[in-house]
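Summary of the model geometry
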Amino acid sequence: MITLRGLIAVVAVPFTLSIGAASAEAQRFGGQLSWGSDSDVGVGGRAEFNMSNVLSTKEPFSRAFIIAQFDYYFIDCPSGADCSYWELNPTLAIPIRATSLRPYVGAGLNIAHASVDIPTLGGGSDTDTGINLLAGLKFNVGTADAFSEARISLGGGEQFALSFGFLFGGKSP
């Protein structure tokens with residue numbers, strides 16, 4: 001069961017990311033569906049920021065980009081309880097090579113938050129931080145880019161996740 005906080009997160013976070021991404025040069029934004037080994041299915045927003053002017057002119061950093069991704073997962077919850085689980089993953093990614101299929105790898109921060117509220121018993125929440133490692137693949141689909149990605153969180157959410165989605169706007173790193 002989705003909560004009001006969860007619904008707000010599902011709508012507000014991708015909207016906020018898209019506004020920020022649309023206002024700057026060479027940024028991309030979109031949505032994604034995710035599956036987590038410990039959390040089931042999730043939906044989220046994603047923004048990508050080209051970092052080639054910030055980091056280095058030497059390969060492979062000259063093509064680096066930041067991925068800012070948020071997923072709200074629809075977790076199983078006892079009847080009558082109010083449960084939520086989300087993850088935030090800012091990641092530095094580096095394309096492996098430039099072809100029509102564009103693989104990339106990355107590492108970054110994983111922030112995972114879980115909360116539960118059970119009427120008459122009370123509730124609690126916990127936020128953990130760890131690292132994430134990922135590998136993905138982008139490919140062109142008309143005016144958008146599709147992507148698929150595998151991510152493992154060490155610490156924080158401590159799960160394996162698969163994400164699929166589309167990116168719009170700007171030039172793809």
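Before any of the text, the structure's been laid out above.
Residues numbered from 1 in each chain as written. Predicted model: local features only at pLDDT ≥ 70, side-chain atom pairs only at ≥ 80, totals over all residues. Heavy atoms only, no water.

**Notes on the side chain of R102**
Considering the arrangement of structural elements, one finds R102 in strand 5 (residues 101-118). Overall, the relative accessible area of 17% leaves R102 in the buried class. (Helix = DSSP H or I, 4+ residues; strand = E, 2+ residues; numbered from the N terminus. Buried < 20%, exposed > 50% of the residue type's maximum accessible area, 1.4 Å probe, protein only.)

**Section: the pairing of strand 2 (residues 40-50)**
Pairing analysis gives 10 bridges linking strand 1 (residues 27-36) to strand 2, with the strands arranged antiparallel. Bridge pairing links R28 to E48 in strand 2. In the sheet, strand 2 pairs with strand 3 (residues 65-73) via nine bridges, with the strands oriented antiparallel. When the sheet's bridge partners are listed, A47 is paired in strand 3 with A68. (Pairing = 2+ DSSP bridges.)

**Looking at the environment of N140**
With respect to the element layout, N140 can be found in strand 6 (residues 122-141). The residues touching N140, leaving out its near neighbours within four places in the chain, are S100, R102 and D145. A polar side-chain atom of N140 sits 3.4 Å from the main-chain amide nitrogen of G142. (Contact = heavy atoms within 4.5 Å. Polar contact = N/O pair within 3.5 Å; in protein donor to acceptor, adjacent residues only side chain to side chain.)

**Some remarks on a negative patch on the surface**
A cluster of acidic side chains, namely D38, D126, D128 and E158, defines a negative patch on the protein surface. Considering the arrangement of structural elements, one finds E158 in the loop between strand 7 (144-155) and strand 8 (160-168). Overall, E158 belongs to the exposed group, its relative accessible area being 54%. (Patch = residues over 30% accessible without salt bridge, like charges linked within 9 Å, V, L, I, M, F, W, Y side chains within 5 Å. Areas by Shrake-Rupley, 256 points an atom, 1.4 Å probe, with all protein chains shown as cover. Salt bridge = Lys/Arg side-chain N within 4 Å of Asp/Glu carboxyl O. Lys, Arg positive; Asp, Glu negative; His and termini not counted. Charge placed at Lys NZ, Arg CZ, Asp CG, Glu CD.)

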